[in-house]
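In case you want the letters, here they are:
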Amino acid sequence: MLYLVEDFYSIQGEGKFAGTPSIFLRFGGCNLRCPGFGEHFVKDKIARGCDSIHAVSRELFGAEWRGVTLEDLKGIVEDHIEHLDFKPHIVITGGEPLIYWNDPTFSSFIEYLVEEEFIVTVETNGTIEIDFDSYPAYRALIYALAVKLSNSGEPYEKRINRKAIRKIVEGGAYTFFKFTLSKNLIDFRADEEIFDIVAPYPDLEVFCMPLGERVEELRKHDRAVAHFCMIHGFIYSDRLQVRLWNRERRR
Ligand code: SF4
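Keep in mind the model is a prediction, meaning the values are calculated, not measured.

Participant: Can you break down the site of the ligand residue by residue, with the values?
Facilitator: Around the ligand sit Cys30, Leu32, Arg33, Cys34, Phe37, Cys50, Val56, Gly95, Asn125 and Lys148, and that is every residue in its neighbourhood. Its residues assigned to classes, the shell around the ligand comprises six nonpolar, two polar and two charged.

So this is what it looks like as structure tokens:
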């Protein structure tokens, strides 16, 4: 079963396409847990992990996830674009949406989006290997590779899959890296960790953004991240959804 956590129309807040009107489709489930990202108060529950923990923890939030069919997904997209006279970007996110990459409903939906000529970005942790030859529609997608660093709390061998990254870089239409940094990690070895991941791909853009799901938290880290980018030649990415709407959900 393919689980959708939420869908909403907003602007992309992060990375290469920041500011672009986009329909977000957030799928439930992830192959990682990222306990290093701390505790969050979500929907009256305390959960440990990333700021998308409501899309990761099936135990805590699974009752709110919705099993969807291909027709459901097409209908959701059609509803969002009904009053628009242009095609917004589509952002496929999670959790880790590529856990469904060979699910018949998910892969058919990707084929539909490609046939309809939507520009689609998949936000992924880069740990899952896609078979681009058997599923060629995936070649038309953009991949935001949000590979996890040690601040995620996940062990190296779980959060870094070099073969999966290579397949995505070579198979996708366009790929960029996106890292979330805290002041603490910068003080230690973020540059070493990032170069270890991106060195084989000198042509790919590397975006770094500050940790934080509240404006006050972003402010603790943003200048350090900007400085870090200036030193190492990375691209600073803000988190516009946090600046504009703070902790408001579905934004
Ligand atoms: S990989 Fe991403 S979605 Fe999954 S737990 Fe880590 S931060 Fe959350």
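So that's the structure; there's more coming.
Participant: Go over the environment of Phe177 with me, naming the residues and quoting the values.
Facilitator: Following the sequence through the fold, Phe177 ends up in strand 9 (residues 174-181). A relative accessible area of 0% means that Phe177 is categorised as buried. For the pair Phe177 and Ile11, spaced 166 residues apart in the sequence, the C-alpha separation amounts to 19 Å. If we ignore the near neighbours within four places in the chain, the residues touching Phe177 are Leu145, Val147, Ile165, Ile197, Val198, Tyr201, Leu204, Glu205, Val206 and Phe207.

Participant: Describe the nonpolar core, and please don't skip the residues or the numbers.
Facilitator: The tendency in soluble globular proteins is for nonpolar side chains to be buried as a group. Membership of the largest hydrophobic core comes to 65 residues, with the highest contact counts inside it found for Leu25, Ile92, Tyr138, Phe177, Leu181 and Ile194. For this core, the element with the highest residue contribution is helix 3 (residues 104-115), accounting for five residues.

Participant: Please set out the environment of Gly67 residue by residue, giving values where relevant.
Facilitator: Among the structural elements, Gly67 can be located in strand 5 (residues 66-67). Taking the C-alpha atoms as reference, Gly67 lies 27 Å from Ala164; in sequence the two are 97 residues apart. Once residues within four sequence positions are removed from consideration, Gly67 is found in contact with Met1, Leu2, Tyr3 and Asp72.

Participant: If you had to explain the state of the cysteines to someone new, which residues and values would you point to?
Facilitator: Throughout the structure, instances matching the rule amount to zero disulfides. We note that Cys229 lacks a disulfide partner, and the nearest cysteine sulfur, in Cys208, lies 4.3 Å from it. For Cys229, a relative accessible area of 4% gives the class buried.

Participant: Tell me about helix 2 (residues 70-81), and name the residues and values.
Facilitator: With twelve residues, helix 2 extends 17 Å between its outermost C-alpha atoms, agreeing within 8% with the 16 Å of an ideal straight helix rising 1.5 Å per residue. The set of residues buried in helix 2 consists of Leu73, Ile76, Val77 and His80. Along the long axis of helix 2, the arc covered by the buried residues comes to 95°, so they all point the same way. In this structure, helix 2 carries Glu71 and Asp79 as exposed residues pointing more than 90 degrees from its buried face. In this fold, the buried residues of helix 2 make contact with strand 1 (3-11), strand 2 (21-27), strand 5, strand 6 (89-93) and helix 3.

Cut-off values and rules
Residues numbered from 1 in each chain as written. Predicted model: local features only at pLDDT ≥ 70, side-chain atom pairs only at ≥ 80, totals over all residues. Heavy atoms only, no water. Near = heavy atom within 4 Å. Nonpolar A, V, L, I, M, F, W, Y, C, P; charged D, E, K, R; others polar. Helix = DSSP H or I, 4+ residues; strand = E, 2+ residues; numbered from the N terminus. Buried < 20%, exposed > 50% of the residue type's maximum accessible area, 1.4 Å probe, protein only. Contact = heavy atoms within 4.5 Å. Core = buried A, V, L, I, M, F, W, Y, C linked by side-chain atoms within 4.5 Å. Disulfide = S-S within 2.5 Å. Expected span 1.5 Å × (residues − 1). Arc of directions from axis to C-beta.

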